[in-house]
Amino acid sequence: MNPAYGPREQDRADGQLLVIAKEPVPGRVKTRLVPPLTPGEAAALAGAALEDTLRTVARVPAARRVLALDGAPGAWLPAGFTVLPQRGRGLDERLAAAFEDAHRSLPVPTVLIGMDTPQVTRGLLADALSLLTGHDAVFGPANDGGFWLLGLRVPDRALLLGVPMSEPTTGEIQLRRLREMGMRVALLPCLTDVDTIADAIEVAALIPGSRYAAALDAIGAAR
């Protein structure tokens, strides 16, 4: 470690942030919000969530910011991101591949998040990077039983493959897998991952000045 830096600053310089997301195309994103939303409304909300998430990530000091994307980048993508295509079939394969691909091109600790927690803060992401200085993994549980963040010092497909995704027990099983592999795991606060319209309303209330809240307001005003 460079003696000119404390642990938190050094880890921020060395770690990378990785967002895994789908291009916000109607019929391909947030389908569980349809109904009550239309496919176009769900895609607009997803696009706003993605843009808010990426802009937050862009404000966190990191060695690199990566978007593992299923689809094509659009005007919602801020400058300064490396875009990698997703690969794999199930979500467990795609997550494992995203970690592998990001780490292969820049072998530093990696923190991964999705596009369904636009309320994520710069501080939470900086904390996740910092915690990887003294831990093998960082885990952020979601209130639906899944997880909203996973950070790994060194990726390993065995940590993710076979974990059932989008289930009420996903987070419990994933955390158990990490610990059974002998990893020192740091925990972050539980966040609401948007799955339902009630979740969307709850999250928008947390970030009233966001693109996400404006998108939800626009949907309500148009009805």
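Rules used throughout
Residues numbered from 1 in each chain as written. Predicted model: local features only at pLDDT ≥ 70, side-chain atom pairs only at ≥ 80, totals over all residues. Heavy atoms only, no water. Helix = DSSP H or I, 4+ residues; strand = E, 2+ residues; numbered from the N terminus. Contact = heavy atoms within 4.5 Å. Buried < 20%, exposed > 50% of the residue type's maximum accessible area, 1.4 Å probe, protein only. Pairing = 2+ DSSP bridges. Axes fitted to C-alpha atoms, helices over the stretch in contact; angles between N-to-C directions. Salt bridge = Lys/Arg side-chain N within 4 Å of Asp/Glu carboxyl O.

**Brief notes about the side chain of Lys30**
No. 1: With respect to the helices, strands and loops of the structure, Lys30 is situated in the loop between β1 (16-22) and α2 (39-58).
No. 2: Excluding residues that lie within four positions of it along the chain, Lys30 makes contacts with Ala42, Ala46, Asp116, Val194 and Asp195.

**A few points about the environment of Arg211**
No. 1: Looking at where Arg211 falls in the secondary structure, it is placed in helix α7 (residues 211-221).
No. 2: In this structure Arg211 comes out as partly exposed when scored by relative accessible area, which is 37%.
No. 3: Every residue in contact with Arg211, bar those within four places of it in the chain, is listed here: Ala48, Glu51, Asp52 and Arg55.

**Quick word on the sheet that holds strand β3 (residues 81-85)**
No. 1: Taken together, the seven strands give an open sheet; going across it, the order is β3-β2-β1-β4-β6-β5-β7, and neighbouring strands pair in mixed fashion. Looking at strand neighbours, the two that pair on one side only are β3 and β7 (185-187), the edges of this open sheet. Adjacent strand axes in the sheet meet at a mean angle of 20°, parallel and antiparallel pairs treated alike.
No. 2: Note: β1 against strand β4 (residues 110-113), four bridges, orientation parallel. When the bridges of β4 are listed, Leu18 appears paired with Leu112.
No. 3: On top of the sheet, α2 reaches β1, β2 (64-70), β3 and β4; it is set at about 170° to β1, its chief contact.

**Remarks on the pattern of salt bridges**
No. 1: Enumeration over the complete set of coordinates arrives at 13 salt bridges.
No. 2: Glu51 is the salt-bridge partner of Arg55, the closest N and O atoms lying 3.1 Å from each other. Here Arg55 and its partner Glu51 are both found in helix α2, four residues apart, which amounts to about one turn of the helix.
No. 3: For the salt bridge of Glu100 with Arg87, the shortest nitrogen-to-oxygen distance reads 3.2 Å. With Glu100 in helix α3 (residues 91-105) and Arg87 in the loop between β3 and α3, the pair connects residues that are 13 residues apart, well separated along the chain.
No. 4: You can call Arg87 partly exposed: its relative accessible area is 36%.

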